[in-house]
Amino acid sequence: MTARLIDGKAFAAGLRERVAGVAASFASSQGRQPGLAVVLVGEHPPSAAYVRSKAKATREAGMESFEHKLLADVSQGQLMALVDELNADPAVDGILVQMPLPKHIDEQEVIQRIDPEKDVDGFHPMNAGRLSIGLEGLVPCTPLGCLMLLQHELGDLSGLDAIVVGRSNIVGKPMAQLLIQASCTVTVAHSRTKDLPAAVRRADIVVAAVGRPELIRGNWLKPGATVIDVGQERVEQADGTRKLLGDVASSEAMEVAGAITPVPGGVGPMTIACLLRNTVVAAHRRAG
Ligand code: GUN
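Calculation notes
Residues numbered from 1 in each chain as written. Predicted model: local features only at pLDDT ≥ 70, side-chain atom pairs only at ≥ 80, totals over all residues. UniProt positions renumbered as here; feature names shortened; annotations may be inferred. Pairing = 2+ DSSP bridges. Helix = DSSP H or I, 4+ residues; strand = E, 2+ residues; numbered from the N terminus. Axes fitted to C-alpha atoms, helices over the stretch in contact; angles between N-to-C directions. Contact = placed C-beta atoms within 7 Å. Near = placed C-beta within 6 Å. Nonpolar A, V, L, I, M, F, W, Y, C, P; charged D, E, K, R; others polar. Core = buried A, V, L, I, M, F, W, Y, C linked by C-beta atoms within 7 Å. Buried ≥ 20, exposed ≤ 12 C-beta atoms within 10 Å, placed from the backbone. Domains from an automatic or database assignment.

- By the naming in an unreviewed UniProt entry, the protein goes by Bifunctional protein FolD and is assigned to Sphingomonas limnosediminicola.
- UniProt, in its Function (unreviewed entry) section for the protein, records the words "Catalyzes the oxidation of 5,10-methylenetetrahydrofolate to 5,10-methenyltetrahydrofolate and then the hydrolysis of 5,10-methenyltetrahydrofolate to 10-formyltetrahydrofolate."
- Within the UniProt record for the protein, the comment given under Sequence similarities (unreviewed entry) is "Belongs to the tetrahydrofolate dehydrogenase/cyclohydrolase family."

### Things to note about the sheet that holds strand 4 (residues 94-97)
Then comes step 1: Judged by pairing direction, the sheet is parallel, and its three strands sit side by side in the order 3-2-4 without closing on themselves. Lying at the two open borders of the sheet, with one neighbouring strand each, are strand 3 (64-70) and strand 4. For this sheet, the mean inter-axis angle between neighbouring strands, taken without regard to orientation, is 15°.
Then comes step 2: Where strand 2 (residues 35-41) and strand 3 come together, seven bridges link them in parallel fashion. Paired with Val 41 across the bridge in strand 3 is Leu 70.
Then comes step 3: Lying over the sheet, helix 3 (residues 76-88) contacts strand 2, strand 3 and strand 4, oriented at roughly 175° with respect to strand 2.

### Some thoughts on unusual backbone geometry
Then comes step 1: A cis amide bond, omega 0°, links Met 99 with the succeeding residue Pro 100.
Then comes step 2: Relative to the assigned elements, Pro 100 resides in the loop between strand 4 and helix 4 (107-113).
Then comes step 3: Look at the link from Val 263 to Pro 264: it is a cis peptide, with omega at 0°.
Then comes step 4: In this model, Ser 183 sits at a positive phi of 65°, which is unusual for a non-glycine residue.
Then comes step 5: Looking at where Ser 183 falls in the secondary structure, it is placed in the loop between helix 7 (172-181) and strand 6 (185-189).
Then comes step 6: Phi is positive for Glu 214, which is not a glycine, with a value near 55°.
Then comes step 7: Tracing the sequence through the fold places Glu 214 in the loop between strand 7 (205-208) and strand 8 (226-229).

### A closer look at the site of the ligand
Then comes step 1: What surrounds the ligand is the set Leu 96, Val 97, Gln 98, Met 99, Asp 121, Cys 141, Thr 142 and Thr 271.
Then comes step 2: Taken together, the residues that form the shell around the ligand break down as four nonpolar, three polar and one charged.

### Some remarks on the nonpolar core
Then comes step 1: Judged by nonpolar contacts, the single largest core of 88 residues is most densely connected at Val 164, Val 206 and Val 207.
Then comes step 2: Top contributing element to this core by residue count: helix 10 (residues 268-287), with ten residues.

### Re the UniProt feature "domain: Tetrahydrofolate dehydrogenase/cyclohydrolase NAD(P)-binding" (unreviewed entry) in the protein
Then comes step 1: Residues annotated by UniProt as "domain: Tetrahydrofolate dehydrogenase/cyclohydrolase NAD(P)-binding" (unreviewed entry) correspond here to residues 140-286.
Then comes step 2: Overall, residues 140-286 shows 37% helix and 19% strand. The separation of its end C-alpha atoms is 18 Å.

### Topic: the domain arrangement of the protein
Then comes step 1: As assigned here, the protein comprises domain 1 (31-115) and domain 2 (141-268).
Then comes step 2: Here domain 1 and domain 2 have C-alpha centroids that lie 29 Å from each other.

### A closer look at the pairing of strand 8
Regular strands place side chains that alternate from one sheet face to the opposite one.
Then comes step 1: Here strand 8 shows no split at all, with Thr 226 and Ile 228 on one side and Val 227 and Asp 229 on the other all buried.
Then comes step 2: As judged from the four bridges shared by strand 7 and strand 8, these two strands associate in the parallel manner. Paired with Ala 208 across the strands is Asp 229, a residue of strand 8.
Then comes step 3: Taken together, the two bridges between strand 8 and strand 11 (residues 259-260) define a ladder with parallel strand orientation. The residue of strand 11 that forms the bridge with Val 227 is Ile 260.

So this is what it looks like as structure tokens:
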């Protein structure tokens, strides 16, 4: 059996087009474009690259991009003051502070300072709480993108057994909440799970978000399972080249799974598309 590839790149392109349509109608009714502010602290190269691509995608969707670059030694107080300024700015609908932040900054304090209505990352405890009790709010971008791909692939998810491997606040926990709401039976596995292969083998849906390259092997999977691979780590190969690897051993998984997201071109493009989607949602809610 050869698994179908789930084309996240194509799905994300469609979503970005729909978001651009919504942004255009917002601009014509409100007399301004939806606005997304992105804050980068320091020079962490992957973060700088993410921030550049987020800003470019924002402009391409017909939204205003506000970029704030702060030095790595910025104080907690200076960063909080910038968040306050962005909270108060009527042109800013969404605020994203790129993680990770330097060690001397308290990330939770920063997240909790962001106005929950502008929290397009969905990281604020208010939005995390709303998600957990099924109220409308802003949902973290990566798990939202994963859910969209699963629903596109499988339709109704109700009654399916799902496993989320990884329990981060950014992906694992909100992913589990979304799958519970979609009426899946959900297992959350992590580094202390006793028999991970056996747990994975029970699942119709596997969402892998542990950040351990190729941890999940093909022979762990239930035949026909749908696999969403959130991992993307650059790993040096024997020949010295660097290859982007997911959390799932993809060539093995291709022989067993029913469908799988490739790395790259699967979940990655969905994260930015969902960020743009969250920004137009936030803009509409703020405009009433
Ligand atoms: N760093 C890696 N992914 C993300 C994300 O989705 N949001 C923020 N703010 N930082 C990140």
